[in-house]
Amino acid sequence: MFEALSQRITDTFRNLAGRGRISQDNVREAMDEVRTALLEADVHLQVVTQFCEEVAQDAVGRAVTKSLKPSEEMIAIVHQRLVQLMGPVDSHIMLVEPPPTVLMLCGLQGAGKTTTCAKLAAYLKKSGRSVMVAAVDLQRPAAVEQLAVLTSEVERDAPGAGSIHFYAEPDKCAEYGRVTGVAVGVSRRALAEARRLKVDALILDTAGRLHINDELMAELGAINAALRPQQIFLVVDAMVGQDAVNSARVFHERLAIDGIILCKFDSDTRGGAALSVKQVTGAPIKFVGIGEKFDQLQEFHPQRMAGRILGMGDVVSLVEKVREEVSEQEATHIAQRMAEGRLTMDDFLTQLGSVRRMGPMKQLLGLLPGAGSALKNIEVDEKQLDRLEGIVHSMTAGERRDVKTLNKSRVKRIARGSGTTPADVNKLTRQFQMMQKMTRQMASAGVGGPLKSIGELSRTDSTRMPGVQNMPTLRAGGSTRTVSVKQRYKQRKKK
Amino acid sequence: MGLFTATVSAIRRSLTRTREALGTPLGDLLGGRSLSDAVVDEIETLLLSADLGPTATTLIIQELREARRAGRIDSGSDALEFLTDELKTRLACPDRGLLFADSGLSIMLIAGINGSGKTTSVAKIAKSLHTSGRSVLLAAADTFRAGAVAQLEIWARRLDLDIIKGARGADPAAVAFDAADAALSRGVDVLLIDTAGRLHTQANLMRQLTKIRNVLAKKIPGAPHEVLLVLDATAGQNAIIQAQLFKQAIDVTGIFLAKLDGTAKGGIVIAIHDALDIPVKLVGLGETADDVEIFDPDTFVEAMLGVEKS
């Protein structure tokens with residue numbers, strides 16, 4: 001769907017004379033591409049316009065660093081500026097003396113407030129703090145129950161020494177909407193209870209509301225006035241479009257937001273709303289939510305975010321995804337096998353399985369920088385992968401250990417068993433043997449450069465140049481053969 | 001269809017609020033002016049800020065420019081008419097009615113990403129169907145999220161409807177199967193199945209959704225008759241991929257555009273209609289069970305552009 005921005009900008013510059021220096025003309029063309037990329041990423045129009053003006057001013061006349069092409073320099077400028085605008089990183093939750101510190105979460109309906117409440121409680125518990133979570137959402141049916149269950153899960157399962165408490169007045173739900181100030185009353189009593197129990201932090205889960213609903217916005221104002229929360233966080237859906245600006249502005253005007261939490265970031269959204277909301281409120285992006293479990297709350301990384309907004313892929317996230325899915329043990333085991341050059345079909349199956357657990361192949365490829373354009377026409381056939389698995393499943397244990405034992409009649413049997421043709425089986429075993437050979441070569445070369453590159457990438461996150469040209473090429477043991485996508489994945493995963 | 005009391009004014013009222021929040025409506029903007037480049041730029045701005053997205057917007061603006069060059073339009077009001085027609089055409093759909101079985105039980109499957117508004121939308125549809133005289137059974141197949149079953153249960157109680165529910169952690173496909181069984185034996189008209197929110201990128205959960213669909217199809221040929229994707233009106237460009245993947249998984253037959261009572265304009269549905277040909281069938285406009293209407297493209301487009309036509 002999206003062509004990588006870097007590719008488009010490179011094209012722009014290729015078509016233009018005046019290499020070596022960024023001129024007024026080529027900047028304008030490049031900025032058109034940047035503008036489209038930002039709009040596709042859902043950055044607000046006004047923010048985009050302002051951003052492009054500033055970058056253009058910054059870029060014109062800037063001499064290109066010797067090692068870079070003008071297109072790379074241009075991308076670097078855009079990237080830097082984005083990082084600058086979305087930073088600085090501040091994932092600190094300030095706790096006050098004397099306790100409790102009151103944290104209030106607010107936002108539109110369905111942004112992710114309740115889930116985030118549980119995540120914050122788990123986060124504080126980990127650092128040994130005692131936390132009380134209070135259900136102030138009396139509007140949505142069963143919101144109180146939801147928070148109660150989540151809180152008890154955090155109390156039971158989340159690591160850390162901190163204690164977890166829950167405060168709710170479920171019977172007040174019936175009153176809500178008929179009598180004013182019910183939510184304020186519940187909040188007040190929650191604070192009193194938090195004081196009595198001497199907890200370090202009180203987290204308020206408020207009801208989702210539209211910024212244009214004056215009555216409900218006034219209710220938030222009243223809670224704010226009554227409890228004076230030390231931190232008010234606006235919870236924002238990472239997939240939201242242009243309207244993010246309107247709601248964030250109103251919430252900020254009413255409540256003076258202290259921080260932003262971006263939810264549902266594990267989707268493939270490019271998340272331009274992050275930039276819009278940051279610009280409108282000036283409040284730092286504290287955390288991003290990357291799943292439904294209580295430990296899936298991450299610090300915000302402007303570097304990664306910038307790459308993602310620009311559609312340049314997100315290698316770090318890919319590496320993390322791999323880490324998440326492949327257990328340490330599994331990885332060590334396979335690495336060892338590879339080092340010994342003893343990779344078997346069973347290992348292949350495990351690897352294929354763990355890659356597929358991460359999601360559709362095409363989407364994984366999308367996380368690779370530059371892959372957007374290079375692979376946009378490749379249809380990854382998931383059925384094909386099913387077939388590969390079927391072939392391996394039709395082999396005996398002995399055959400899986402050593403594919404060399406395969407002969408014509410065995411191949412025929414496997415093909416019949418997996419509903420494929422002997423040619424398919426042969427193709428797989430040939431590729432597999434090639435891979436085996438490669439890993440053996442690498443093993444003998446002392447597991448060199450290509451394996452390290454992923455680790456390096458994640459480490460040098462902050463200094464990583466956004467240009468595609470700088471991505472590591474994964475080549476085995478000095479061979480110049482281009483490896484298939486699948487094999488490349490295997491190599492990536494080894495680390 | 002007569003199911004939903006399509007009070008055109010309500011949707012217009014809420015979209016008017018949108019316009020007030022955004023300033024000058026396009027209607028006023030274009031009224032007596034000639035169509036200068038500056039005006040075209042303003043139109044572009046409006047389309048972009050309605051979440052139509054750069055691709056669709058660029059296309060429309062190009063067509064507008066071409067029409068101007070060809071001399072087919074030259075004033076602001078021509079442009080406005082052109083735009084209105086263009087957007088309406090893009091949203092055109094011969095039949096926006098909900099799909100029911102020819103006879104016997106009809107099954108509706110409701111899906112969407114987390115927090116898009118599925119459960120509330122289920123309640124709204126249930127109420128409308130119930131009011132129109134159909135017997136409705138609810139199925140809470142969101143066995144994953146804490147409190148999800150309880151949430152639908154509260155709605156069932158409020159609307160005085162029966163509900164089939166699964167225990168937390170149960171296989172949602174099994175819940176759907178049991179619900180279909182129950183619906184058949186009770187002889188109800190419509191079974192509404194609420195599913196857990198899932199991101200379109202979670203391959204396993206999307207496969208689970210396919211399984212639910214397959215289980216229903218096996219049980220009753222032709223089921224589910226209606227598969228609604230609940231889409232948040234504030235959604236940005238990612239909604240296109242979202243719709244695409246949901247369509248792949250469960251063959252979505254319509255969109256329920258939720259939360260249109262805010263300032264978001266939901267322009268993304270135009271891009272989705274363009275790319276995937278999924279019609280918007282219903283819109284959600286608030287948190288009570290009555291806040292639902294049939295999607296009316298004319299009103300939607302006119303309100304979006306700020307054209308008052310009564």
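On a predicted model such as this, the values are computed, not experimentally measured, just so you know.

Asks: Give a description of the overall build of chain B that names residues and reports values.
Replies: Along the backbone of chain B there are 12 helices and eight strands. Expressed as a percentage of its 310 residues, the buried residues of chain B come to 61%. Within chain B, contacts between residues separated by at least 24 positions form 78% of all contacts whose residues are at least 6 apart in sequence.

Asks: Talk me through the sheet that holds strand S8 (residues 297-299) of chain A; I want residue IDs and the actual numbers.
Replies: Residues and elements named next belong to chain A. If you walk across this open sheet you meet the eight strands as S3-S2-S4-S1-S5-S6-S7-S8, and the pairing is mixed. At either end of the open sheet lies a strand with only one pairing partner, and these are strand S3 (164-167) and S8. For this sheet, the mean angle separating the axes of adjacent strands, direction not counted, is 25°. The pairing of strand S6 (residues 259-263) with strand S7 (residues 285-289) spans three bridges and is parallel. The partner of Ile261 across the bridge, within S7, is Phe287. Sitting on the sheet, helix H8 (residues 214-227) is in contact with strand S1 (101-106), strand S4 (201-205) and strand S5 (231-237), with an inclination near 175° to S1.

Asks: If you had to explain the packing of helix H4 (residues 70-86) of chain A against helix H10 (residues 273-281) of chain A to someone new, which residues and values would you point to?
Replies: Helix-helix packing is characterised by the crossing angle of the two axes and by the distance between the axes. All names here are of chain A. Contact pair H4 / H10: the axes reach a minimum separation of 9 Å and the direction vectors enclose 50°. In terms of orientation, H4 lies oblique with respect to H10. The interaxial crossing formed by H4 with H10 has left-handed handedness. On H10, the residues touching Leu82, Leu85 and Met86 of H4 are Leu275, Lys278 and Gln279.

Asks: Help me get a handle on the sheet that holds strand S7 (residues 280-284) of chain B, residues and values and all.
Replies: Residues and elements named next belong to chain B. Pairing is mixed in the open sheet, where eight strands are placed in the order S3-S2-S4-S1-S5-S6-S7-S8. Unpaired on one side and paired on the other, strand S3 (162-165) and strand S8 (292-294) mark the two borders of the sheet. For this sheet, the mean angle separating the axes of adjacent strands, direction not counted, is 25°. Here strand S5 (residues 226-232) runs beside strand S6 (residues 254-258); their pairing, made up of five bridges, is parallel. Residue pairing for S6: Leu231 is matched across the bridge by Leu257. The strands touched by helix H10 (residues 238-250) within the sheet are strand S1 (106-112) and S5, with S5 carrying the most contacts at an inclination of about 160°.

Asks: Describe the pattern of salt bridges, naming the residues involved and giving the relevant values.
Replies: Throughout the structure, instances matching the rule amount to 30 salt bridges over all chains. Of the charged contacts in the structure, one is a salt bridge between Glu399(A) and Arg413(A), with a shortest N-O distance of 2.9 Å. Separated by 14 residues along the polypeptide, Glu399(A) in helix H18 (residues 397-401) and Arg413(A) in helix H19 (residues 408-418) bring together distant segments of the chain. On the basis of relative accessibility, which here comes to 0%, the residue Glu399(A) falls in the buried class. For Arg413(A), a relative accessible area of 30% translates into the label partly exposed. A salt bridge links Asp37(B) to Arg68(B); the shortest N-O distance between them is 3.0 Å. With Asp37(B) in helix H3 (residues 37-49) and Arg68(B) in helix H4 (residues 53-69), the pair connects residues that are 31 residues apart, well separated along the chain. What makes Asp37(B) partly exposed here is its relative accessible area of 46%. The class of Arg68(B) is partly exposed, set by a relative accessible area of 25%.

Asks: I'd like a description of the pairing of S7(B), backed by residues and values.
Replies: All names here are of chain B. Counted residue by residue, S7 has five buried out of five residues, so it is predominantly covered. Bridge analysis of S6 against S7 gives three bridges, and the strand direction is parallel. When the bridges of S7 are listed, Ile255 appears paired with Val280. The pairing of S7 with S8 spans three bridges and is classified as antiparallel. Note on S8: the bridge partner recorded for Leu282 is Ile294.

Asks: Account for the confidence of the model for chain A, with residues named and values stated.
Replies: Residues and elements named next belong to chain A. On average, residues of chain A score 79 in pLDDT, and 73% of them reach the 70 mark or higher. Low pLDDT, under 50, characterises residues 369-377; the stretch is placed with 17 contacts to residues that sit more than four places away or in other chains. Ignoring residues within four places in sequence, the model shows residues 446-483, a span with pLDDT below 50, making 50 contacts including any to other chains.

Asks: Break down the nonpolar core for me, citing the residues and quoting the values.
Replies: Within the largest apolar cluster, 105 residues are counted, with the highest numbers of intra-cluster contacts made by Phe51(A), Leu120(A), Leu202(A), Ile203(A), Leu204(A), Phe251(A) and Ile309(A). Here the element with the most residues in this core is helix H3 (residues 45-59) of chain A; it accounts for eight residues. A domain split of this core shows at least three residues from each of domain 1 (3-86) and domain 2 (101-310) of chain A. If sequence neighbours within four positions are ignored, Ile203(A) has contacts with Leu103(A), Leu105(A), Cys117(A), Leu120(A), Ala121(A), Leu124(A), Val131(A), Met132(A), Val133(A) and Ala134(A). The next biggest cluster of nonpolar side chains, apart from the first, holds 79 residues, and it includes Leu80(B), Ile107(B), Ile250(B) and Val283(B).

Asks: Account for the side chain of Gln242(B), naming residues and giving values.
Replies: As for its position among the elements, Gln242(B) is in helix H10. Classification of Gln242(B) as buried rests on a relative accessible area of 3%. In this structure, Gln242(B) is in contact with Met239(A), Ile113(B), His200(B) and Leu231(B), ignoring residues within four places of it in sequence.

Asks: Can you tell me about the environment of Ser116(B), naming the residues and giving the values?
Replies: All names here are of chain B. Among the structural elements, Ser116 can be located in the loop between S1 and helix H6 (118-131). You can call Ser116 buried: its relative accessible area is 2%. Residues Ser116 and Glu44, spaced 72 residues apart in sequence, show a C-alpha to C-alpha distance of 28 Å. For Ser116, the side chain forms a polar contact with the main-chain oxygen of Ile113, separated by 2.9 Å.

Quick notes on the rules
Residues numbered from 1 in each chain as written. Chains lettered and ligands numbered in written order. Predicted model: local features only at pLDDT ≥ 70, side-chain atom pairs only at ≥ 80, totals over all residues. Heavy atoms only, no water. Helix = DSSP H or I, 4+ residues; strand = E, 2+ residues; numbered from the N terminus. Buried < 20%, exposed > 50% of the residue type's maximum accessible area, 1.4 Å probe, protein only. Contact = heavy atoms within 4.5 Å. Pairing = 2+ DSSP bridges. Axes fitted to C-alpha atoms, helices over the stretch in contact; angles between N-to-C directions. Parallel < 35°, antiparallel > 145°, perpendicular 65-115°, else oblique. Left-handed = near helix turned anticlockwise from the far one by under 90°. Salt bridge = Lys/Arg side-chain N within 4 Å of Asp/Glu carboxyl O. pLDDT = per-residue confidence, 0-100. Core = buried A, V, L, I, M, F, W, Y, C linked by side-chain atoms within 4.5 Å. Domains from an automatic or database assignment. Polar contact = N/O pair within 3.5 Å; in protein donor to acceptor, adjacent residues only side chain to side chain.

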